[in-house]
Amino acid sequence: MIADMRVLVQRVTSAQVTVDDEIVGRIDPAATGAPHGLLALVGATHDDTAGTAKTLADKLFRLRILDGERSAADLNAPILVVSQFTLYADTAKGRRPSWSAAAPGPIAEPLVDAFADTLRALGATVASGRFGAHMQIELVNDGPVTILLEA
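Just so we're clear, the structure is a prediction, and the values are computed from it rather than from any experiment.

Rules used throughout
Residues numbered from 1 in each chain as written. Predicted model: local features only at pLDDT ≥ 70, side-chain atom pairs only at ≥ 80, totals over all residues. Heavy atoms only, no water. Helix = DSSP H or I, 4+ residues; strand = E, 2+ residues; numbered from the N terminus. Buried < 20%, exposed > 50% of the residue type's maximum accessible area, 1.4 Å probe, protein only. Contact = heavy atoms within 4.5 Å. Polar contact = N/O pair within 3.5 Å; in protein donor to acceptor, adjacent residues only side chain to side chain. Pairing = 2+ DSSP bridges.

## Digging into the environment of Thr-32
Here is step 1: Mapped onto the elements of the fold, Thr-32 is located in helix H1 (residues 29–32).
Here is step 2: You can call Thr-32 partly exposed: its relative accessible area is 34%.
Here is step 3: Through-space distance from the C-alpha of Thr-32 to that of Asn-76 is 7.6 Å; in sequence the pair is 44 residues apart.
Here is step 4: Beyond its immediate stretch of four places on either side in the chain, Thr-32 contacts Asn-76 and Pro-78.
Here is step 5: Polar contacts involving the side chain of Thr-32 include one to the main-chain carbonyl oxygen of Pro-29, which spans 2.8 Å.

Here it is in structure tokens:
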């Protein structure tokens, strides 16, 4: 079984999440003086823990993928955190993905919350989506830069 929490991170100039025609989370890096922000699509699996979430949040906060090889910690860049169970899609057999490696909601939701809370505790400005909701995400990926992080 897969044993690592995953975060698909994108460097963005703006990003927002909408649920039922309501914007529930938005980052605008320019408004904070940062040239970029980060969109973090977070997926958890069955064996992940709050410790895993904290370790990965710290890794993301210090990841040097912004201007001048700086991090969100260096630039006060905002981060939009969105739960994303589809990061655990298994497409090895057939044409219909299996989601069996993704943690169920009662396990995954507290882990995604721990991830976001850790970023806030580190000093990040964090917005988020709505766990379990059908969300529309709009973003402007800068670069483009997209990186998969695992704990």
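Next comes the rest of the description.
## Focus: the pairing of strand E1 (residues 6–19)
On any regular strand, side chains alternate: one points to one face of the sheet, the next to the other face.
Here is step 1: In terms of burial, E1 is a largely internal element, 11 of the 14 residues being buried.
Here is step 2: In this structure, E1 lies alongside strand E3 (residues 37–43), joined through 7 bridges in antiparallel fashion. Bridge assignment links Gln-10 to a residue of E3, and that residue is Leu-39.
Here is step 3: Here E1 runs beside strand E2 (residues 22–27); their pairing, made up of 5 bridges, is antiparallel.

## Regarding unusual backbone geometry
Here is step 1: Going from Gly-143 to Pro-144, the amide bond is cis rather than trans, its omega being -5°.
Here is step 2: With respect to the element layout, Pro-144 can be found in strand E6 (residues 136–150).
Here is step 3: Residue Asp-21 is not a glycine yet carries a positive backbone phi of 65°.
Here is step 4: Mapping Asp-21 onto the fold places it in the loop between E1 and E2.
Here is step 5: Its identity is not glycine, yet Asn-76 carries a phi of approximately 55°, on the positive side.
Here is step 6: Assignment of secondary structure puts Asn-76 in the loop between helix H3 (72–75) and strand E4 (79–83).

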